[in-house]
Amino acid sequence: MSAGAPSGAALDPVPEPTGGVDTDARRLAEYIAGTERRLAALPPVPDRTFDDRGRAAAVHGRARRARRAFLARHTETVYGVLTDGLTRPVRLADLVHEAADRFPGLVPTRAQMAAERRFVQAEKEGREIDQGIFCGAVLRSPTAGRHLVETMLGPTPRALTLLDGFRTAGRIELDTVHLERRGVAGHIEFRNADRLNAEDDRLIADLETAVDLVLLDDAVKVGVVRGGTVDHPKYRGRRVFSAGVDLTGLRDGRISFVDFLLGRELGYVNKMLRGLLPAPSSGDRCERSAGKPWIGAVDTFAIGGGMQLLLVLDHVIIAENAYLALPAAEEGIVPGLGNLRLTRLTGARLARQVVLGGRRIAATEPEARSVCDAVVAAEDMDGAVDRAVEALRAPAVPANRHMLTVAEEPLDLYRAYLAEFAVVQAERVYAPDVLAKVERRWQERERRRAAREAGGAHLLAGRGRAGG
């Protein structure tokens, strides 16, 4: 394909890997360079006609077929190169960047991803789908996938930097999370107040840091997660557990695939379930920590990612006026590992009603007891948390919860699900129905905000006239 080939010319055949990794990587890089020239010949995404979009989809489709073919043959070799033969732990974000540097065309470059971040979701090329294909291939490999999972169970550098300060002070304030040690409990409070404690890239990073600190501090025996008070007009001053993914952030293109959609599942959520691991090494099983028990205190509601989080906790307390929901059908995306874990707790029929039909579960419904351990009056929440901490601080609890996890969700089951999830979720966040839904919700939110501001302006004007 020549540099000046027109965007409508016939596409070159997808190269089939036939040789060693270096030869096939060179052929892949040449092919992907050709597809990039074709994309560059088209108008920017917002200006593309219907036909232009069809041409772009065809180019992306061929490029993704080439990447999948290469990875089907060389995933473990590629991962071995990137990790120095499984001797070097490389966290997920670094892994995709190093793959782009070492194997050009396999995943998007840093520059391409930086360019994507300048656009709202609907105006991107969808290069995160290519990251999803790569991550799915790595996780699908029993060797590479296990190594990546174990790498991501290690404490983050940020947490290690903050650990001594937390041990001394017993509290730490992050941008969107407050962590405080009270007795033997480490209390994590979500403080993304202007977003109903919805999850975004900042909150995911802060939660992983806080979870690491709870797990690293020997003085903490039990972790507690709870939502702080929020600023939303409807719920102002009330505690809210979580509204799930920040859909405005998704619409604006600020919810990343690597750091959020896949990173949260490999990061703080999995650490709450399995504990921490030291850096994995070649040939030896990592000596693992037993983890610590976790309590969830749900005020008002736990939606989406908030409800997903409850599925890995050891004791869940919910206020009697609260509710739970996994609005996957409404949002159009996959609710994390909810599809893997919810059935185990609720049975298949109720899980399908929740995930496929959007059913909410009120705290007062009998079905709530399949997800929650205690339903209490709002004013008794603090006391219920204290009682649960006391019950779960026993020395035998960590070992027994570890064995429950081994029985209920073996690491290879988790890894295999996550391999499929990586690809499906990356595709769903660029699906036309999802893009249309988040745009409608954003427009509705903007209309409500404008109406509130107009109402406030009229009120102030009226007061001014009355005062005159």
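Every value quoted in this text rests on a predicted model; they were computed, and no experiment measured them.

## Some details on the layout of surface pockets
Of the pockets and cavities examined, the largest pocket occupies roughly 990 Å³. Every element with two or more residues in the lining of the largest pocket is listed here: helix 9 (247–251), strand 6 (301–303), strand 8 (323–325), helix 13 (328–331) and helix 19 (432–467). Sort the elements by how many residues they give to the lining of the largest pocket and helix 19 lands first, with eight residues. Classifying every residue of the lining of the largest pocket by side-chain character gives 14 nonpolar, three polar and 14 charged.

## Notes on the pattern of salt bridges
It is possible for side chains bearing opposite charge to pair when their charged atoms get close. Here the structure, examined in full by the defined rule, presents 44 salt bridges. A salt bridge links R226 to D382, with the shortest nitrogen-to-oxygen separation between them at 2.6 Å. Highlighted residues: R226 in strand 4 (residues 222–227) and D382 in helix 16 (residues 381–392), separated in sequence by 156 residues. Of the charged contacts in the structure, one is a salt bridge between R445 and E446, with a shortest N-O distance of 3.6 Å.

## A short note on helix 5 (residues 128–140)
Here helix 5 contains 13 residues, and its C-alpha end-to-end distance of 18 Å stays within 8% of the 18 Å for a straight helix at 1.5 Å per residue. Of all 13 residues making up helix 5, 12 are buried, and the element is well covered by its neighbours. Every buried residue of helix 5 is accounted for by E128, I129, D130, Q131, G132, I133, F134, C135, G136, A137, V138 and L139. On the buried face of helix 5, the contacting elements are helix 2 (50–82), helix 3 (92–102), helix 4 (110–116), helix 6 (142–152), helix 10 (257–266) and helix 18 (411–428).

## Considering the nonpolar core
Counting 131 residues, the largest nonpolar core has F134, I188, L262 and L309 as the members making the most contacts within it. Looking at this core element by element, the count peaks at nine residues for helix 8 (residues 201–216). Residues contacting L262, with those up to four places away along its chain left out, are L92, C135, L139, F257, L418, F421 and A422. With 10 residues, the next largest nonpolar core counts L196, V230, Y235 and Y323 among its residues.

## Some remarks on the confidence of the model for the protein chain
For the protein chain, the mean per-residue pLDDT works out to 92, and 92% of the residues sit at or above 70. Low pLDDT, under 50, characterises residues 281–286; the stretch is placed with 12 contacts to residues that sit more than four places away or in other chains.

## Considering the sheet that holds strand 3 (residues 185–190)
Taken in spatial order, the seven strands of this open sheet run 1-2-3-4-5-7-10, and their pairing is mixed. Two strands in the sheet have a free side with no partner beyond their single neighbour: strand 1 (171–173) and strand 10 (374–376). Shown here is a sheet whose adjacent strand axes are inclined to one another by a mean of 15°, direction ignored. Where strand 5 (residues 294–298) and strand 7 (residues 315–319) come together, four bridges link them in parallel fashion. Across the sheet, residue V298 finds its bridge partner in strand 7, namely I318. Contacting strand 1, strand 2 (177–182), strand 3, strand 4 and strand 5, helix 8 runs over the sheet at an angle of about 15° to strand 2. Contacts between helix 16 and the sheet are confined to strand 3, strand 4, strand 5, strand 7 and strand 10, with strand 7 contributing the most and set at about 170° to the helix.

Cut-offs and rules
Residues numbered from 1 in each chain as written. Predicted model: local features only at pLDDT ≥ 70, side-chain atom pairs only at ≥ 80, totals over all residues. Heavy atoms only, no water. 1 Å grid on protein atoms, 1.4 Å probe; cavity = no way out; pocket = protein on both sides within 12 Å on 5 of 7 lines; lining within 4 Å. Points joined across faces, edges and corners; volume = space filled by probe spheres on them. Helix = DSSP H or I, 4+ residues; strand = E, 2+ residues; numbered from the N terminus. Nonpolar A, V, L, I, M, F, W, Y, C, P; charged D, E, K, R; others polar. Salt bridge = Lys/Arg side-chain N within 4 Å of Asp/Glu carboxyl O. Expected span 1.5 Å × (residues − 1). Buried < 20%, exposed > 50% of the residue type's maximum accessible area, 1.4 Å probe, protein only. Contact = heavy atoms within 4.5 Å. Core = buried A, V, L, I, M, F, W, Y, C linked by side-chain atoms within 4.5 Å. pLDDT = per-residue confidence, 0-100. Pairing = 2+ DSSP bridges. Axes fitted to C-alpha atoms, helices over the stretch in contact; angles between N-to-C directions.

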